[in-house]
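# Coordinates in review
Listed here are the chains, written in short residue letters.
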Amino acid sequence: MAGKIRADTIQGDSQLKLNIGETTYIEVSAPSFNIAQPLNVQSTAVFTDAVSFSGSLGNIDTGNIGATGTLSVSGVSTLANVNSTGVSTFGGAQIGQISTLANVSSNVTPDFASNNFFTLTLDGNLTFQAPLNISTGQAGVIFLVQDGTGSRTASFNTYYRFPAQTAPTLTTTPDAVDMLTYVVKSSTEILCDVVLDIR
């Protein structure tokens, strides 16, 4: 094996470092345990106490993490994916941001990979095109807000399915708010309902 492996004790027995070559991989300093390089768990990782992540994370597959303690993520700048093969229980609020949709030549094309929740100010008569990056099972809300003029209408691509196969007639009062809720049933079916004139 190229390089060298060295375990160093520092300040008596209070700190231990595992180095491969000149790179430190693990630091143990009671009562903390620090992994200084990316950790790749090939099998199941079992934690019997609280586990906290405070850096950037790419993927957490909870199907491969057996935790009898608490797994928490704090101060994380990037958390790309959390994939679970079982039930996930959260003890606090899970907050989704709201993205603003814009129209291009009176067409609106939501990107479902960017968010679950959207808001759109209708500044003209608009047509919803089929969304980008549709994922079966995704659900969310689109707030439809009339501008100060009002009387704006919206039509919808056939991907959007409504009760009785009838798209809604939006509230046309200036500054009125309607709420479209949706669930993606398949790659070409988005089941929708609209709550009108919320105030």
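None of the values given here were measured: they were computed from a predicted structure.

Attention now goes to the sheet that holds strand S12 (residues 107–108). One open sheet accounts for three strands, arranged S12-S14-S16; its pairing is parallel. Whereas interior strands pair on both sides, the edge strands pair on one side only; in this sheet they are S12 and strand S16 (154–156). Pairing of S12 with strand S14 (residues 126–128) involves two bridges; the strand directions are parallel. Bridging from a neighbouring strand, Val108 pairs with Phe128 of S14.

Despite not being glycine, Ser105 has its phi angle at roughly 55°, a positive value. One non-glycine residue with positive phi stands out, namely Ser151, at about 65°. The class of Ser151 is exposed, set by a relative accessible area of 52%.

With that settled, consider the pattern of salt bridges. On inspection of all chains with the given rule, the structure shows four salt bridges. A salt bridge links Glu189 to Arg161, with the nearest nitrogen and oxygen atoms 3.5 Å apart. Taken together, the residues span a long stretch of sequence, with Glu189 in strand S19 (residues 189–195) and Arg161 in strand S17 (residues 160–161) at a distance of 28 residues. For Arg161, a relative accessible area of 35% gives the class partly exposed.

Analysis parameters
Residues numbered from 1 in each chain as written. Predicted model: local features only at pLDDT ≥ 70, side-chain atom pairs only at ≥ 80, totals over all residues. Heavy atoms only, no water. Pairing = 2+ DSSP bridges. Helix = DSSP H or I, 4+ residues; strand = E, 2+ residues; numbered from the N terminus. Buried < 20%, exposed > 50% of the residue type's maximum accessible area, 1.4 Å probe, protein only. Salt bridge = Lys/Arg side-chain N within 4 Å of Asp/Glu carboxyl O.

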